[in-house]
Every structure is written in C-alpha cells, then in structure tokens.
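Remarks on the overall topology
Given next are the chains, with one letter for each unit.
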Amino acid sequence: MKKDNLISVGIVINRNTNLDLIKNLHNKLDNNYNYFEIILLEYYGIRKIDELLSNFTNIRVLELSKKVDFEVMHTALIENCIGDNLAILDLKHDSIENLMNMLDKIEKYDIVIGKRTKKIQTFFESVTSKIFYKIINLYIDTNIDSMYSDFFVINRKVINFITKNKDKVKFLKLLTFNNGFSKYEYDYTPLCKKSNKRSFFGNINFTIDILVNYSHRLIRSATIISLFMAVFNLLYAFYVLNIFIFKHSVAEGWVSSSLYSALSNFALFTILAVIGEYVRVILKNQRDTPLYEIVNERSSIALFSDTKNVDKE
C-alpha cells in the first residue's frame, strides 16, 4: 500500500548524470508513495531533461545562473522543496535501495544520515579529509564524524531550521547534527566515487570560510598571539635597559634587532590575515546578496491520488 506523506528528493545533476537512474528512482517512488517530487538542480543546461519532463510526472528542474559551492546547491534544494521530508543524494555514489530504507527511518527521526562504511578516495583525498575534520572538530568544539556523507534525509522541522538560518556560509553537517535533532546513522557502502567534488583549493577555501563563520577561536588565537607579543616586547624593553645599564660597550645588535623584527612582523601579519577574513565575512553579510539565483524552473508536478484525505462519517 502506498504511503501518503509527501516526499521530496533532491539531486544535483551535471552532464555526466545517468538519466536512466532518475527514471528508475521515479518508478521506485511512484510504487511506494502517492505524493512525491524529484527536484533536479542543474547549472550547465542539460536538454535531455526535457525528455524526463514530458514522460514523467512530479519532476521539477531548477536551473542556476552559475555553478556554486555544493553546500549552496544543497541549500537551494532545501529552500525550494515542498515535501514533508527531503532526501538529498548523488545517484552515482548512493543507491536507490538505501534511499528507500532511509525514507522508512525518517518517520521516527528528524535526520537520517548516511554513514559510509568506507570512503572511495585516493590516498591524498583521504589524508586531506582527515585533516579537514580534525581542524573543524578542534576549532568549533564539536564532533562531526568524517564518515558522514552528503546522503541524508531530513524532516520539515529541520528544513525550516535551515531556511531560517541566515549564515552566508552554510555547513549543513554542522547546522543539522548539533542542534538537538533526533538522528539516525544509516550505515551503507557507497557505489563509487562522488560525481560532485570540490577541488583541493576549493576545500581550503571552504575550510577557512567555516572557521571564520562558525568559530571565534581563530580570532582568539590572534588575541593570544597579540598578548604574547606584548609580553615579549615588555621583556625585550627590560633586556635593552639591562644592556644599557650593565654593559659599557654595546654591540650594534644586528642579530637581536633582526630577530625581534622578524617575530613582530610574523605576529602582525598573522593577525592582519585573521582580521582580514573576519572583515571579509562582515562585508559579505552586509551586502545581503543571494547565495544563488534560479534563472529557470520547469516542472511536471501532478500530485494527485485516488485516496481522499476526508473521513466519512
């Protein structure tokens, strides 16, 4: 018997997306749910989607004006879904069967997160991923499991929480998993590598954005460096006075002055770098520009069912 809760499934697609998998997903949802929508988010203009719209119901296509960060893409899916529950998956990386199992679990939890039993990564990707989560857990004082994936299902309560959050930099794992929501960890094995991945420099930029946006420990580190250098300068002043009082023949002091200048400049430029990042975030928030822009939307939504939601007396 089909279920009556409204399900939204969000997928970020590109030119390499296998549209047959979307057709299989549609058939699977149609066999299990009376009401559902499949939201396809694109940023390259894939004209093969017209075939899906003409042959299948309950498909929506959101076209972005440009490519944005993956977290922003997921935010766009969250903010534009109409379902009671939303699932986000990568059809290349995540199986449809696991999706259906997670949709069953969401009826008892706020969040069902896909926890990978293994990561399909290169050695370099594995090392950088571990470093990323170590830094995040250290500076933000939280514990995000590195095996958590971008394959998850959330209910309307979590959806509303994310849409109300005004942070320009949205780290969804941090937003959803550390705010008192009930959570179920669904263990699964990925099919292969993810189809959407950040570049190495993209990961560096994203890490910096998270640290600046979500943590005050970075600027506190700058404060500690400032205090340390203040004490160092005071001790250095006493050192200069002692040399002046007790030494009759004072050397030119090239080594000490050069060392002092190097340490001071290191501290000053470190502090300037941190302050510069915070100023950047402040300016970014003041601009109040949208994270993304939908330039076109097409749909074949037909949310009809033979079941009526009226009880007979």
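Refer to the structure presented above.
What comes next concerns the included structure.

1. Remarks on the overall build of the chain
From N to C terminus, the chain includes ten helices and eight strands. Evaluated residue by residue, the chain yields a buried proportion of 41% over its 313 residues. Contacts spanning at least 24 positions in sequence make up 81% of the contacts within the chain whose residues lie at least 6 apart. Of the accessible surface of the chain, which amounts to about 18100 Å², a share of 57% is contributed by carbon and sulfur atoms.

2. Re the nonpolar core
Ranked by size, the top nonpolar core spans 44 residues in total, and within it Leu41, Met73, Ile78, Ile136, Ile154, Phe171 and Ile210 carry the most contacts. When residues in this core are grouped by element, the largest group, six residues, is from helix H3 (residues 70-80). Contact partners of isoleucine 136, with chain neighbours within four places excluded, come to Asp141, Thr142, Ile144, Phe171, Ile210 and Leu211. With 32 residues, the next largest nonpolar core counts Ile11, Ile22, Leu29 and Leu40 among its residues.

3. Notes on a nonpolar patch on the surface
The grouping of Val231, Leu234, Leu235, Phe238, Leu241, Ile245 and Phe246 at the surface amounts to a nonpolar patch, some 760 Å² of accessible area in total. Relative to the helices and strands, leucine 234 is located in helix H9 (residues 217-246).

4. Comments concerning the pairing of strand E1 (residues 7-12)
Among the six residues that make up E1, six are buried, leaving the element largely enclosed by the rest of the structure. Neither face of E1 is left uncovered, since the one carrying Ile7, Val9 and Ile11 and the one carrying Ser8, Gly10 and Val12 both have all their residues buried. Bridging between E1 and strand E2 (residues 36-42) involves six bridges; their strand directions are parallel. Note on E2: the bridge partner recorded for isoleucine 11 is leucine 40. Handedness of the crossover is the feature at issue here: the chain leaves E1, passes through helix H1 (residues 19-32), returns alongside E2, and the resulting connection is right-handed. Inspection of the sheet shows E1 paired to strand E4 (residues 85-88) by four bridges, in the parallel sense. Residue serine 8 lies in a different strand from E4, and its bridge partner there is leucine 86.

5. With respect to the pattern of salt bridges
Applying the stated rule across the entire model yields ten salt bridges. Lysine 2 is the partner of aspartate 30 in a salt bridge, and the nearest nitrogen-oxygen pair spans 3.9 Å. Here the residue aspartate 30 occupies a position in helix H1, and lysine 2 occupies one in the segment before E1, the gap between them amounting to 28 residues. Look at aspartate 30 and you get partly exposed, because its relative accessible area is 32%. Overall, the relative accessible area of 35% leaves lysine 2 in the partly exposed class. Between lysine 157 and aspartate 110 there is a salt bridge, with the nearest N and O atoms lying 3.2 Å from each other.

Rules used in this analysis
What you see as residue numbers is a count from 1 along each chain, following the sequence as written. Only residues with pLDDT of 70 or above have their local features reported here, since the model is predicted, and side-chain atom pairs are shown and tallied only from 80 upward, although totals for entire chains, interfaces and linings are computed over all residues. Here the side-chain values reflect all heavy atoms present in the structure, with hydrogen atoms and water set aside. Each helix corresponds to a stretch of at least 4 residues labelled H or I by DSSP, and each strand to a stretch of at least 2 residues labelled E; elements are numbered beginning at the N terminus. Exposed residues in this analysis have more than 50% of their type's maximum accessible area, buried residues have under 20%, and partly exposed residues fall in between, with area computed by a 1.4 Å probe over protein chains only. Any two residues whose heavy atoms approach within 4.5 Å are treated as being in contact. Surface exposure here means Shrake-Rupley accessible area, sampled with a 1.4 Å probe, where a residue is shielded only by the protein chains that are shown. Definition of nonpolar core: a set of buried residues of the types Ala, Val, Leu, Ile, Met, Phe, Trp, Tyr and Cys, connected through side-chain atoms within 4.5 Å. Only residues whose relative accessible area exceeds 30% and that form no salt bridge enter a patch; like-charged residues are grouped when within 9 Å of one another, and nonpolar side chains (Val, Leu, Ile, Met, Phe, Trp, Tyr) when within 5 Å. When a carboxyl oxygen of Asp or Glu lies within 4 Å of a side-chain nitrogen of Lys or Arg, that pair is called a salt bridge. At least two bridges found by DSSP between two strands is the condition for calling them paired. A crossover gets the label right-handed when its path from the first strand over the helix to the second runs clockwise, viewed with the strands pointing away from the viewer.

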